[in-house]
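Descriptive analysis of the structure
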Amino acid sequence: MCFPPEARPPDLPASIAPISGGAGGDDAILQSADGTKFLAFVAPAPQGEAGVVIAPDVRGLHPFYEDLAERFASAGVHAIAFDYFGRTAGTEPRPDDFPFRDHSAKTKPEQVQADITASVAELRRRTPVHHVFVVGFCFGGRVAFNAAAEQMGIAGVIGFYGVTRRRDEQDHAAPIDMVDRMHVPILGLFGGADQGIPPEDNAAFAKALEQRGIPHEVVTYPGAPHSFFDRRFADFKQECDDAWKRVLGFVGSGDPKAVR
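Thresholds applied
Residues numbered from 1 in each chain as written. Predicted model: local features only at pLDDT ≥ 70, side-chain atom pairs only at ≥ 80, totals over all residues. Heavy atoms only, no water. Helix = DSSP H or I, 4+ residues; strand = E, 2+ residues; numbered from the N terminus. Rg over C-alpha atoms; globule rule 2.2 N^0.38 Å. Contact = heavy atoms within 4.5 Å. Lys, Arg positive; Asp, Glu negative; His and termini not counted. Charge placed at Lys NZ, Arg CZ, Asp CG, Glu CD. Phe/Tyr/Trp six-rings, centres within 6.5 Å; stacked < 30°, edge-to-face > 60°. Buried < 20%, exposed > 50% of the residue type's maximum accessible area, 1.4 Å probe, protein only. 1 Å grid on protein atoms, 1.4 Å probe; cavity = no way out; pocket = protein on both sides within 12 Å on 5 of 7 lines; lining within 4 Å. Points joined across faces, edges and corners; volume = space filled by probe spheres on them. Nonpolar A, V, L, I, M, F, W, Y, C, P; charged D, E, K, R; others polar. Expected span 1.5 Å × (residues − 1). Arc of directions from axis to C-beta. Core = buried A, V, L, I, M, F, W, Y, C linked by side-chain atoms within 4.5 Å. Pairing = 2+ DSSP bridges. Right-handed = clockwise from strand over helix to strand, strands pointing away. Salt bridge = Lys/Arg side-chain N within 4 Å of Asp/Glu carboxyl O.

1. Describing the overall build of the protein chain
Along the protein chain, the regular secondary structure elements total 7 helices and 8 strands. Its C-alpha radius of gyration of 17 Å places the protein chain within 12% of the 18 Å reference for a compact globule of 260 residues. Dimensions of the protein chain, computed from the C-alpha atoms along their principal axes, are close to 45 × 40 × 35 Å. Taking all contacts inside the protein chain whose residues are at least 6 apart in sequence as the whole, residues at least 24 apart take part in 73%. Of the charged side chains in the protein chain, 26 are positive and 35 negative; the average position of the first set lies 2 Å away from that of the second.

2. Concerning the packing of aromatic side chains
The geometry of an aromatic ring pair is captured by two quantities: the separation of the ring centres and the angle between the planes. The full count for this structure, using the stated rule, is 21 aromatic pairs. Ring geometry for Phe85 against Phe98: centres 5.9 Å apart, planes inclined by 40°, an arrangement best described as tilted. Linking Phe85 in the loop between strand E4 (78–82) and helix H2 (86–89) with Phe98 in the loop between H2 and helix H3 (100–104), this pair joins segments that are 13 residues apart in sequence. Like Phe98, Phe85 is buried. An aromatic cluster of at least three residues, connected via ring pairs, comprises Phe64, Tyr65, Phe72, Phe137, Phe160, Tyr161, Tyr221, Phe228, Phe229 and Trp244.

3. What to know about unusual backbone geometry
Positioned with a positive phi, Cys138 is a non-glycine residue whose angle comes to about 60°. In this fold, Cys138 is placed in the loop between strand E5 (131–137) and helix H5 (139–150). Unusually for a residue other than glycine, Tyr161 sits at a positive phi of about 40°. Within the element layout of this structure, Tyr161 appears in the loop between strand E6 (156–160) and strand E7 (186–191).

4. Re empty space enclosed by the protein
Taken as a whole and judged by the stated rule, the model has 1 cavity of 30 Å³ or more. The calculated volume of the largest cavity comes to roughly 40 Å³. In this structure, the largest cavity is lined by Leu68, Phe72, Val135, Phe137, Phe160, Phe229, Ala243, Trp244 and Val247. Breaking the lining of the largest cavity down by element, the ones donating at least two residues are helix H1 (63–74), E5 and helix H7 (237–253). It is H7 that provides the largest number of residues to the lining of the largest cavity, a total of 3 residues. Of the residues that constitute the lining of the largest cavity, the class distribution is 9 nonpolar, no polar and no charged.

5. As for helix H6 (residues 199–212)
Helix length check: H6 (14 residues) gives 20 Å between terminal C-alpha atoms against 20 Å at 1.5 Å per residue, within 8%. Taken together, the buried positions of H6 are occupied by Asp201, Asn202, Phe205, Ala206, Ala208 and Leu209. Projection of H6 onto a plane perpendicular to its axis shows the buried side chains occupying an angular sector of 160°, all on one side. Turned more than 90 degrees away from the buried face of H6, the exposed residues are Pro199, Glu200, Lys207, Glu210 and Gln211. Lining the buried residues of H6 we find H5, E7 and strand E8 (216–221). Backbone geometry just after H6 places Gly213 at a positive phi near 80°.

6. Here we look at the nonpolar core
In this structure, Ile54, Phe72, Phe160, Met182 and Phe229 are the most contacted members of the largest nonpolar core, which totals 88 residues. Not counting residues up to four positions away in its chain, the partners in contact with Ile54 are Tyr65, Leu68, Ala69, Phe72, Ala79, Ile80, Ala81, Phe82, Val135 and Phe137.

7. Observations concerning the pairing of E6
Burial analysis of E6 places 5 of its 5 residues in the buried class, which makes it a mostly covered element. A two-sided burial pattern is seen for E6, the buried positions comprising Gly156, Ile158 and Phe160 on one face and Val157 and Gly159 on the other. Across 5 bridges, E5 lies against E6 in parallel orientation. Pairing of Val134 across the sheet is with Val157, part of E6. At this point the chain moves from E5, through H5, to the parallel E6, and the crossover so formed is right-handed.

8. Points about the pattern of salt bridges
Tallied over the full model, the rule gives 16 salt bridges. The salt bridge involving Arg232 is made with Asp230; its shortest N-O contact spans 2.6 Å. Residue classification places Arg232 among the partly exposed positions, given a relative accessible area of 39%. For Asp230, a relative accessible area of 1% translates into the label buried. The partner of Asp241 in a salt bridge is Lys237, with the nearest N and O atoms 2.8 Å apart. Note that Asp241 and Lys237 are positioned in helix H7 at a spacing of 4 residues, about one turn of the helix. Each member of the salt-bridge network shares a partner with another, and the members are Asp11, Arg71 and Arg231.

Okay, structure coming up:
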C-alpha cells in the first residue's frame, strides 16, 4: 500500500503561489464505456488550460487524492481523481478498512484505461482544458505509464514509483513491454531507497524510452522511500518540492525535463 488513511499530499512549494478564487472540488459519478458507474472527484482550477487525471494507489480513490486534486487546482491545473472499483464495490463511501486488495485483484488493465478515457472526457466537459496529462502513484504509476500507450489525445504522463518491469510470467501489463506503443512524453519519479523498485528497473525503462525516441525524464531521489510524496515525511520536503516543480513544469510546458 502506498498511502495510509492519514496520509496527505505535500503542500505546494513556497515559490509557487496558489491561485485565489478556487471553488474546491466535488464528488462525481462517471460512466465507463462498458456502462460501469464509478467514483471520481473533480477540482476545477480558477484559470488555466492544462489538466490532470489522477490515478490513485492500490486503495483507489480516498482523501489523499481528493486533496491532491485540490492542490493541483490551486496551482492552476484542472484535476480529476478517479476510483478503480466501480465494477466490484460500487460507488458508496468506504471505511478506512475497506478490503482494497480483494478488489484490486479483480481490476483489468483495459477497464482501468477505459475509466481514464471517461475521466478525460468529464474533465473536458467541465473545464476549458486543452492539454490533459495522466499522473499516477504506485499501482497508478504503472497505470499512468501504460496510458502513454493506450490513451489517444493526452499530452503526457507522470508516474510516481510505478513498477515498470514484469512482476511474473503472467504479467501482461508491464510498461517496459509497452514502450514500442508509447507516443507521448513521460516523466517518472522514483525513490532511491524504494525496496520494491531497484535502480536497474528505472535504468532499463529510461533506456527503452530513449531507443524509442520518446521524450522523457526519469528522476530518482537518493535515500527517498516508496511513497515519499507525503506531507508527513518532513525529512523529504526538498524532494517533494522538487517533484511538484517538475510535475507542474511538465504540465505547463509539455516538456518532461522542464522544472518550474
